[in-house]
Structure formats: structure tokens, C-alpha cells
Amino acid sequence: MTLYSDYLTEIETRKEQGLHPKPIDDGALVAELISQIKDTENKDREASLQFFIYNTLPGTTSAAGEKAKFLKEIVLGDVTVAEITPVFAFELLSHMKGGPSVEVLLDLALGDDASNAEQAAAVLKTQVFLYEADTDRLAEAHAAGNVVATDILESYAKAEFFTKLPEVDEEIKVVTYIAGEGDISTDLLSPGNQAHSRSDRELHGKCMITPEAQVEIQELQKAHPDARVMLIAEKGTMGVGSSRMSGVNNVALWTGKKASPYVPFVNFAPVVAGTNGISPIFLTTVGVTGGIGLDLKNWVKKTEADGNTVMDDNGDPVLEQAYSVETGKVLTINSKTKKLYDGDTELVDVSSAFTPQKVEFMKAGGSYAVVFGKKLQTFAAETLGQDLKSAFAASKEISQEGQGLTAVEKIFNKNARGVATTADLHAGSDVRVKVNIVGSQDTTGLMTSQELEAMAATVISPSVDGAYQSGCHTASVWDLKAQANIPKLMSFMNKFGLITARDPKGEYHAMTDVIHKVLNDLTVDDWDITIGGDSHTRMSKGVAFGADSGTVALALATGEASMPIPESVKVTFKGTMADHMDFRDVVHATQLQMLAQHGDNVFQGRIIEVHIGTLLADQAFTFTDWTAEMKAKASICISNDETLIGSLELAKSRIQIMIDKGMDNAAQTLQGLIDKADKRIAEIKSGENPALTPDASANYFAEVVVDLDQINEPMIADPDVNNAEVSKRYTHDTIRPISFYKAEKKVDLGFVGSCMVHKGDMKIVAQMLKNLEKSQGKVEFKAPLVVAAPTYNIIDEMKEEGDWEILQRYSGFEFDDFMPKSKARTEYENILYLERPGCNLCMGNQEKAAKGDTVLATSTRLFQGRVVEDAAEKKGESLLASTPVVVLSAILGRTPTIEEYKAAVEGIDLTKFAPPLAVPAGAKSAHF
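Along each chain, residues carry numbers from 1 onward, in the same order as the chain's sequence is written. In view of the model being predicted, local features appear only for residues whose pLDDT reaches at least 70, and side-chain atom pairs are presented and counted only at 80 or more, with totals across whole chains, interfaces and linings using the full set of residues. Side-chain measures were taken over the full set of non-hydrogen atoms in the model, leaving aside hydrogen atoms and water.

Colleague: Explain the sheet that holds strand 14 (residues 416–417) here, please?
Modeller: The rule for pairing is simple: two strands pair if DSSP sees at least two bridges between them. The helix count covers DSSP runs of H or I at least four residues long, the strand count covers runs of E at least two residues long, and both are numbered beginning at the N terminus. Within the open sheet, the three strands sit side by side as 14-15-21. Their pairing is antiparallel. Edge positions in the sheet fall to strand 14 and strand 21 (560–564), since each has one partner strand and no second. Sheet topology note: the strand 14/strand 15 (residues 430–434) ladder contains two bridges and is antiparallel. Bridge pairing links A416 to V433 in strand 15.

Colleague: For this particular structure, what's the right way to read the packing of aromatic side chains?
Modeller: Aromatic ring pairs: the centre-centre distance and the angle between the two ring planes describe each pair. Side-chain rings of Phe, Tyr and Trp (the six-membered ring for Trp) are treated as a pair once their centres are within 6.5 Å; stacked means planes under 30 degrees apart, edge-to-face means over 60, and tilted covers the remaining angles. This model, assessed by the stated rule, comprises 17 aromatic pairs. Pairing Y828 with Y833 gives two aromatic rings, centres 5.7 Å apart and planes at 80°, and the pair type is edge-to-face. Partly exposed describes any residue whose relative accessible area lies between the buried limit of under 20% and the exposed limit of over 50%, with all areas from a 1.4 Å probe on protein chains only and scaled to the type maximum. Y833 sits in the buried class, given a relative accessible area of 4%. We count a charge as sitting over a ring when the NZ of a lysine or the CZ of an arginine lies within 6 Å of the ring centre and within 35 degrees of the ring normal. Across the ring face of W299, the terminal group of K235 is positioned such that the distance to the ring centre comes to 4.3 Å. Above the ring of W478, the side-chain terminus of R502 is found at 4.1 Å from the ring centroid.

Colleague: When you look at the pattern of salt bridges in this model, what are you seeing that I'm missing?
Modeller: Opposite charge on two side chains makes pairing possible when the charged atoms of those side chains draw close. A pairing counts as a salt bridge when a side-chain nitrogen of Lys or Arg comes within 4 Å of a carboxyl oxygen of Asp or Glu. The tally for this structure, following the rule as stated, stands at 60 salt bridges. The residue D525 makes a salt bridge to R680 at a minimum N-O spacing of 3.5 Å. Of the two residues, D525 is situated in the loop between helix 21 (515–522) and strand 19 (529–532) and R680 in helix 26 (residues 669–686); the sequence distance between them amounts to 155 residues. Since its relative accessible area comes to 11%, D525 is described here as buried. According to the relative accessible area criterion, R680 is buried, its value standing at 1%. Close ionic contact of E567 with R606 constitutes a salt bridge, the shortest N to O distance being 3.3 Å. Highlighted residues: E567 in the loop between strand 21 and strand 22 (568–574) and R606 in the loop between helix 23 (583–598) and strand 23 (607–613), separated in sequence by 39 residues. On the accessibility criterion, R606 (16% relative accessible area) is buried. One continuous salt-bridge network, built from bridges that share partners, spans K759, K763, K770, E797, E801 and D803.

Colleague: How should the nonpolar core be read in this particular structure?
Modeller: The nonpolar side chains of soluble globular proteins are, as a tendency, buried together. The set of buried Ala, Val, Leu, Ile, Met, Phe, Trp, Tyr and Cys residues whose side-chain atoms join them within 4.5 Å is what this entry labels a nonpolar core. In this structure, I84 and M455 are the most contacted members of the largest nonpolar core, which totals 109 residues. Element by element, the count of residues in this core is highest for helix 17 (residues 367–384), at nine residues. In contact with M455, other than residues within four places in its own chain, are K97, F129, Y131, Y368, F372, G550, A553, L554 and A557. With 82 residues, the next largest nonpolar core counts I499, L648, I681 and C755 among its residues. Whether two residues are in contact is decided by their heavy atoms: any pair within 4.5 Å suffices.

Colleague: What is the right way to read helix 23 from this model?
Modeller: One full turn of an α-helix is made of 3.6 residues, so residues set three or four places apart face in the same direction. The end-to-end C-alpha distance of helix 23, which contains 16 residues, comes to 23 Å, matching closely the 22 Å that a straight helix rising 1.5 Å per residue would cover. Within helix 23 the residues assigned to the buried category are F583, R584, D585, V586, V587, H588, A589, T590, Q591, Q593, M594 and L595. Expected span of a helix: the number of residues minus one, times 1.5 Å.

Colleague: Before we go on, may I ask you to explain the pairing of strand 8 (residues 292–295) in this structure?
Modeller: Consecutive side chains of a regular strand alternate in pointing toward one face of the sheet and then the other. Here strand 7 (residues 271–274) runs beside strand 8; their pairing, made up of four bridges, is parallel. Within the sheet, the bridge partner assigned to A273 lies in strand 8 and is L294. With helix 15 (residues 280–288) bridging strand 7 and its parallel neighbour strand 8, the resulting β-α-β unit is right-handed. A crossover gets the label right-handed when its path from the first strand over the helix to the second runs clockwise, viewed with the strands pointing away from the viewer.

Colleague: Please clarify how the packing of helix 5 (residues 86–94) against helix 7 (residues 114–124) should be interpreted in this entry.
Modeller: Axis angle and axis distance: for two packed helices, these are the angle between their axes and the distance between the axes, and together they describe the pair. At a minimum axis separation of 10 Å, helix 5 and helix 7 run at an interaxial angle of 30°. By the angle class used here, helix 5 and helix 7 are roughly parallel. Considering how the two elements wind past one another, helix 5 and helix 7 form a crossing that is right-handed. Contacts between helix 5 and helix 7 involve V87, F90 and S94 from the former and N116, Q119, A120 and V123 from the latter. Each residue receives one of three labels: charged for Asp, Glu, Lys and Arg, nonpolar for Ala, Val, Leu, Ile, Met, Phe, Trp, Tyr, Cys and Pro, and polar for the others, Gly being one of them. Taken together, the residues of the contact of helix 5 with helix 7 sort by class into four nonpolar, three polar and no charged. To obtain each axis, a line is fitted to C-alpha atoms, and for helices this fit is confined to the stretch in contact; angles are then taken between N-to-C directions over 0 to 180 degrees. Geometric relationships in this document are graded by angle, where less than 35 degrees denotes roughly parallel, more than 145 denotes roughly antiparallel, 65 to 115 denotes roughly perpendicular, and other angles denote oblique. Crossings are sorted by hand: turned counterclockwise from the far helix by less than a right angle, the near helix makes the crossing left-handed, and turned clockwise it makes it right-handed.

Colleague: What's the story with the packing of helix 4 (residues 62–76) against helix 5 in this structure? I'm lost.
Modeller: At their nearest, the axes of helix 4 and helix 5 sit 8 Å apart, and the two run at 150° to each other. Considering the angle they form, helix 4 stands roughly antiparallel to helix 5. Judged by the sense of rotation from one axis to the other, the crossing of helix 4 with helix 5 is left-handed. Contacts between helix 4 and helix 5 pair A68, L71, I74 and V75 from the former with P86, A89, F90, L92 and L93 from the latter. Considering only residue class, the contact of helix 4 with helix 5 consists of nine nonpolar, no polar and no charged.

Colleague: Sorry if this is basic, but what is going on with the confidence of the model for the protein here?
Modeller: Parts of the model with low pLDDT should not have their predicted coordinates read in detail. A residue's pLDDT is simply how confident the predictor is in it, with values from 0 to 100. Confidence in the prediction for the protein averages 93 pLDDT; 98% of positions are at 70 or higher. Considering only residues more than four positions removed or in separate chains, one finds that residues 918–928, a stretch of pLDDT under 50, has 24 contacts.

Colleague: Whenever I open this one, unusual backbone geometry confuses me. Can you help?
Modeller: Generally, phi is negative for residues other than glycine and the peptide bonds are trans, each holding for most cases. One non-glycine residue, K97, adopts positive backbone phi at about 60°. Here K97 lies in the loop between helix 5 and helix 6 (100–109). One non-glycine residue with positive phi stands out, namely K297, at about 50°. Inspection of the secondary structure puts K297 in the loop between strand 8 and strand 9 (299–301). Look at K297 and you get partly exposed, because its relative accessible area is 43%.

Colleague: Is there a simple way to think about helix 9 (residues 147–157) in this case?
Modeller: Among the residues of helix 9, A149, T150, I152, L153, S155, Y156 and A157 are the ones counted as buried. The inward-facing, buried residues of helix 9 contact helix 6, helix 7, helix 8 (132–143), helix 10 (160–163) and helix 17. Whenever a nitrogen or oxygen atom comes within 3.5 Å of another N or O atom, the pair is scored as a polar contact, on the condition that within protein one atom can donate a hydrogen and the other can accept it, and that pairs from neighbouring residues in sequence are kept only if both atoms are in side chains. A distance of 2.9 Å separates the backbone nitrogen of V148 from a side-chain oxygen at the start of helix 9, and that oxygen is part of N146. In the stretch just after helix 9, A159 is the one whose phi turns positive, near 55°.

Colleague: Please clarify how the pairing of strand 29 (residues 785–788) should be interpreted in this entry.
Modeller: Judged by which residues are buried, strand 29 turns out to be covered on both faces: L785 and V787 on one side and V786 and A788 on the other are all buried. Pairing between strand 28 (residues 749–752) and strand 29: three bridges, direction parallel. Its bridge partner being in strand 29, V752 is matched across the sheet by V787. In this view, the connection linking strand 28 to its parallel neighbour strand 29 by way of helix 27 (residues 759–776) has right-handed handedness.

Colleague: Explain the sheet that holds strand 19 to me, please; I cannot follow it from the model alone.
Modeller: Strand pairing in a sheet takes place through backbone hydrogen bonds and is either antiparallel or parallel in direction. Ordered by their spatial adjacency, five strands build an open sheet running 18-17-16-19-20, and the pairing between neighbours is parallel. The open sheet has two edge strands, strand 18 (499–500) and strand 20 (543–546), and neither has a second partner. Looking at chain direction, strand 17 (residues 466–469) and strand 18 are connected through two bridges and run parallel. Counterpart to Y468 in the pairing with strand 18 is I499.

Colleague: What should I look at first to understand the state of the cysteines in this one?
Modeller: Here, a disulfide means two cysteine sulfur atoms that sit within 2.5 Å of each other. In the structure shown here, the tally under the stated rule is zero disulfides. A disulfide-free cysteine, C472 has its sulfur positioned 3.7 Å from the sulfur of C839, the nearest such atom. Residue classification places C472 among the buried positions, given a relative accessible area of 0%. With no disulfide partner, C755 has as its closest neighbouring cysteine sulfur the one in C842, 5.9 Å distant.

Colleague: Hey, could you run me through the environment of I84 in this one?
Modeller: Position of I84 relative to the elements: it lies in the loop between helix 4 and helix 5. On a C-alpha basis, the gap between I84 and F412 in space is 50 Å, while along the polypeptide they are 328 residues apart. The contacts of I84, once residues within four sequence positions are left out, are L49, F52, I53, L71, I74, A89 and L92.

In C-alpha cells, the structure reads:
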């Protein structure tokens, strides 16, 4: 069997699934295609030509390397292929986006054949994905007097690769398609349980929304061939929950424009919209693809004659429609007036979607081309000894004289690059910033590796302090899909320069620790910027932003990111935390009290600057982690000096464990992070640079004061699946005390796990079992309890401290790394399950609760179908609560009364918290 015959077999299998041939990334297969193309009598020659021309992936794939080499032979006349003339060969090279193709083009441009050099130079002038090896060749040739090299550099200095592109259309006709009512999770666009197929774009595209919706979109396209379909979240926000590049890829696949005739299933320029706009991290992903994201504001609060808002029986504002965007409505976006029109009628201002920077992304076909273009123009100007006359919109630099800086403004100012002003920059500025830490997770990692190949990157930027590739999202089940995808991913990322959860050489144990917990330890400076391929990339040190797989790739390749400085909302605390409350309840109360104080969600799209001061990194992360569900762009913890030092020492010890396990690389990245932590600790102790704090005169969009005295009983974030108003289902805004349920809410399954828990939570499980065993003789579970520790360190420490034994005693299942599960569990008994460290049920891509279950979980996700799918007779519910509430509810098979809860946690050290400058009350917490 040859690779080609294997490929034909795969094609037949895909044909049965309604799929086209899979794009080729294997150089050995392309070499076989080339051999068959050269053989003019070969029966497979015609098919091989089609695969070679139209189905070979570009960038730095091995397939691209073979393709570029063969095209060079054609240009030089070493090989003659009737169907691929030298002119057509140059055309194909122009669509290969860097790497081997640029190397070939430089060989030709700097060669002796003047005609080839001229044609190669013309193509190179359109390319932007050049790296040091490429630009060094141009600089050396220019210095040696090569006129072609000089000509190329002069073109780059003028940024003709950008300026000669067509401008964005003034009028963009769209036809509306309502994808759903209420907040639309990216799970609707790219379901978590289909994560394994994300790198196979055509296959993954089949899972967007529903097959029926896909047909409806196609029908709209047929009826309106001159319009682009605009996907809408009616009465909600589009793209909540995660950045999900695969979600935007799917939308682009069904509604966008084809990026290249020679690259299959890569589309760009989707149009998405929401009544309440686009979720911040999802909006970044839209920019990666040169798309448009609109804030429609088509439903507004109804007001009385006196201006007061009309409220419904539940105390929620009544909404009225400002204008209709019902499916099939043809509207026009004007990119010059920056407004949305229905015919000649102006509907809404959409200027936020058409900032100079976003318009550049649209013109260039995505944000990568702009980032690399700026770098290339700067290089060319410097090499030619010219002053830079940037063809791009200047960084938006906003300075307010006399106004102090918030914490995020301070971090952005410290890490800003390419800024013209020497004055302090304030919110609203749009700048390039240095990225210190980068995280890639395993269900988006294959896409990140594809993006790196597509932008011709081969090694991590030396300016990145540390980067990590996790294995946590596929930790639950080592099935055939994971076995095929994960080793390949880990090998690529390890070679690229990341610390990887799995060792491609097999020298250290697979570490499936939750990525956010690892990144929280790798962040060793409160002035750092972290970018991670997951919405819960929200560290308790520095500022971290969840991002799409492409932005992660860009950060890995360049060590930079471009983004506006967000506004901040200041959160402080007052009062005293009751002994029977857990810090998770403080988190829920923050959301509840914020809505009560402001009416609207003032956190959405902004930084939450939380003055939490006295909590170590693990516990403070519980707050920052939840801010993704508050729809905040990110969160920053303001810590006391002593607390920050403690968190850094803890991070050092955890990084040292990674080193001891053999996870450091040749560049000694992990040791470098320990050294950096030591330096930061010394700065704090000496007073040279205390823990990050905002200026007293900083300006905030809003302030929220959380009154701890008001938190008297545990709280539950409820998806409210039966709310009569569809748009109010599956939001994180419905926070209820346990008394609301009157101890009558049946619980079918409890889950303690995900990034929201830490060692203290695991100890709480053990302590509750010990207490109940002591008082009752034996603990009986009336519902299954699934427990997944976030990290192996926690399990090791609990074993040393004697807490793991009782968990083992009550478990009916304990994970075994030497014999991991090969199939997802579909049925649960009323026992304790000790699952492998990782995301488990929270991710929803491998394990789920039984359909229609009511799940009480410590996780973050309550979206429809995420943790539990609907059954025909009952909707699945994912309610979120603290660890003690979840454990007790699994034991009781229902939500507890407040009296039952207090009795169960008596004597247990829950997470204690006192506002900064106050003395923590009570016994030392289990979390310290």
C-alpha cells in the first residue's frame, strides 16, 4: 500500500460522510503526487494534479515544503508540466503564505535569471509572513548591492503589500439569520464534544448550530447572492463562554469568503452580531479573520413617562424592540458612516466595529497580516536607513493629563511597544504589548499548530518568558481520537519550544493538570501579560486574556499582542465573612450585588480590578476565574506585599516540581521563571517595587462594593432553564440562595472539579466525609459524586497528609494512568468517582452527565448541552455552587436546608476571607 492509495481509501470513507478529500499536510504524500504528475502516462496523474494544486496545505507543513520545491523546479525549467506553467507556478507560490515558499521566492529573486528574479520579486512584494532568516537574506543582498533586493525592500518600506489591497466596501449588504435567543455560547457554533475534529475544518463545520440551520443559511445565500449572512444573538450577546476560533471558523465556512482558491475550507470575513454585542474574547477572534462584529442594541429597556424603567414581576427590566432583525431581513452596513441601515432608515451606530485598526484587519483579511506587515515595514525602513512612514493607523494613544492609572493601565504602559508618546496611556488606547506567558490547551492546540504553520513560524519568540501546552481538556478519556491527536500536538509544541504536558520522548509522566492552574503558577510577576487559548486564562497575578488559537499562535511567534487598553471596574469589600460561608459564595455575591447596584452588567467587556489583598494565588484565582462568566475581558487582583510574596514562593515550589519531573527544556524555561520570581520577591522585600497597586487618582468606569454581611447562606448560579423569557435562560446572572429551593430540588449528580477548585476544596470533600462518617457511621450517596482534582500535586500532597485515603475508601472508581479510560462514561452509580486530574465534566467534550440530569457542580459552565444535554422529557440543568454544597447535595440527593448545611460544615475550615487591612477571623484555613 502506498500513501496515495491510503489517501484514496480515506477519500472514499469521507465521501460516505458527505465530505471532500482531507487537505494534505504530509510531505511524503505530496512527493508521491509529484512522482505521478511527472509520469505523463500514470493513470492517477490528473487526480494527482488536482490534489497538488488545490488540496495541499500552505505554510511550513512538510507538504508545503515539497510543493514549493517542485514549483521551483518548474520555474527553473528543470521540469516541464503542461498544466503548471512557470507563470502559474509563481501564482501558486503567492498563495503559500511563507516558510518554504518564501525561501524559494528569495532563491529566485536573488538568482542570476533576470526574468525569474523580476517575477519572484513581484510575488514577494505581496507577502508579509517573513521571519529573520528571510529578512536577513534581503538585508545582506541589499548591502551587497543587489538591486532586486533593494527594490523589494523599497516596496516593503511603503507597505505596498497592504496599500495596494482593495479598500473595504463602503456598502456591505447583509441578510439576517437569528442563530438563537439570549446569549449564544460558542458551544452552539463549535460544540465542545466535537473538539477532536476542530483541525479538520470541513468535518467540524458540520456541527455548527444544527443541520437544519445550515440548510436555512444556504437558502438565504441562494435568495440573496449579493448579501452576506449575518449571524445574530437576539436579545443576547454573541460568543459568550470562550474565544473558540473553531466557532468563528465555522461561521466563516458557512457565511464568509474563500481565502484562496488553492487552500480548501479556509474562509474569512464573517459577520456576526448580538443585541448586546459580541463577547470580548470572541470579538478578538472575529478580528483574526477580518470579520465584522456588530452591537445591534435592537432591544432596549422600556421606560415610563417619568423615565423610570418598567420592571416585570421578577424585578427584571421589560425590553421593547427598537427595530427588527428577524431572519431574512436585508440590511446595509455603511463602513464610511459606520451605521446600520434598513433601506434609507438609519438603525444604529456601529462605529465600534469600524475603528481604524479593525478596518485594517478587514482590508488585510485578518489581524495576522497587519501585525506582520507592521513588523516588515519597520524592518525595511530601518534597513534602507529611511524614516518610517507607517502605512497603518497609528496606535490609538489616549492620555488624560493629571489622571492616575488603574492597575491594567500600569501593566499596559510597562509592556507597550511602538508607542510614540512619552505620556501615560489611559483606557481606550490601542497598542502593541509584550506577552510574557502563553498557554495553549489541547482541544484548540492542533488549530494553534496549524496557525503557526500557516504563518510560517518554526520556533517560539525569544521574548516569551514561558509557554505551556496542556493536556487537560482530553484528560478524561484516552480514546482513539485523543490517541491520534494529542501525541502529534505535543511533539509539535515541544519542538516549537513550549513546556508540554506530555513528553514526546516518554521520559516523564503525562501531566494532565488543568491549564489555568499551571499558568497561574508560571505567572511569576504581577506586571506580566498572559495570553491563553481558553476563556478562563485569568490569572491572579498580572493580567491575563483568554484568546483564540490564532492569537495564541501570534503571541508564540512574535511575543506580542495588539489590543485596546480596557476600562476597569473597581471591586472592594466591606463587612465580615460568616464562618459557615465559602469564598465561592463571595464570588456569586459579587455578581448579584453588582447587578443590584448598577442594574446592568458593568463588568461586560471590562477589567475587574478586585482588591482582594489577603488571599493567596490559588484562592484568589477562584474570583478571577469566574470573571469569564461575568463577561469581563479580564481581571486583576490587587494583593498585599506579603500575600504576593507568599503566592510567588508557592509558584516557585510548583515550578520546581515540574523541573524535578523532567519537564524543563534545553532553554531552561522553567528555571528562568524561578529566577524571575526570585528577582520579583527581592524587589518587593527591598521596597524597590512593591506589589502592583492603582493610583489613588485612577479613573474607573464604575465601582462595586461587596457587602460580606449580606452573605448569609450559600448561593447557586442557576441556568433557569424554564424561564418564560428565553433570553434569560443559561446566563450567569441568576444567583439564588439555597433556601430558594426549599430542600426540594432533586440533584442527580454532583461534580467537584475544574479550574474553580484547588487543594482546599479537595480537603473539604475529605473533611466532610470524615465528619459525616463520624456522626452517621457510614456515608451513603443518594446521587453520584464525581471528583476531579485539578493537579497531580494536590493528590500527592493529600496522600502525604492522609486525606486521600478516605476518598479512596468511598470511591467506586479511581483513575489509573497506566490504564486510562478508553470510553466515556454514560451511566453513573450512586458512588464517589475519583477521576484523573483535568477538566472532566466541565469541558463536556468527552464526559457528560446522563441526559436530562440536574447536575450541581463547582465548575464554571452552565450553558445548554455543555455539562449535560437535554432529554426528550426533561431539560438538563447545570447548577453551580461551592464544594460543600455540591458534596452535601450528592449525599442527600437534593439541595440542603441551611440548617443541614451548617451542621455539615461545622468545624471545617472553609476559605476564609477578610477585606484588605482587616485581620482574617477564625481558625487558619485549610487553604493556607
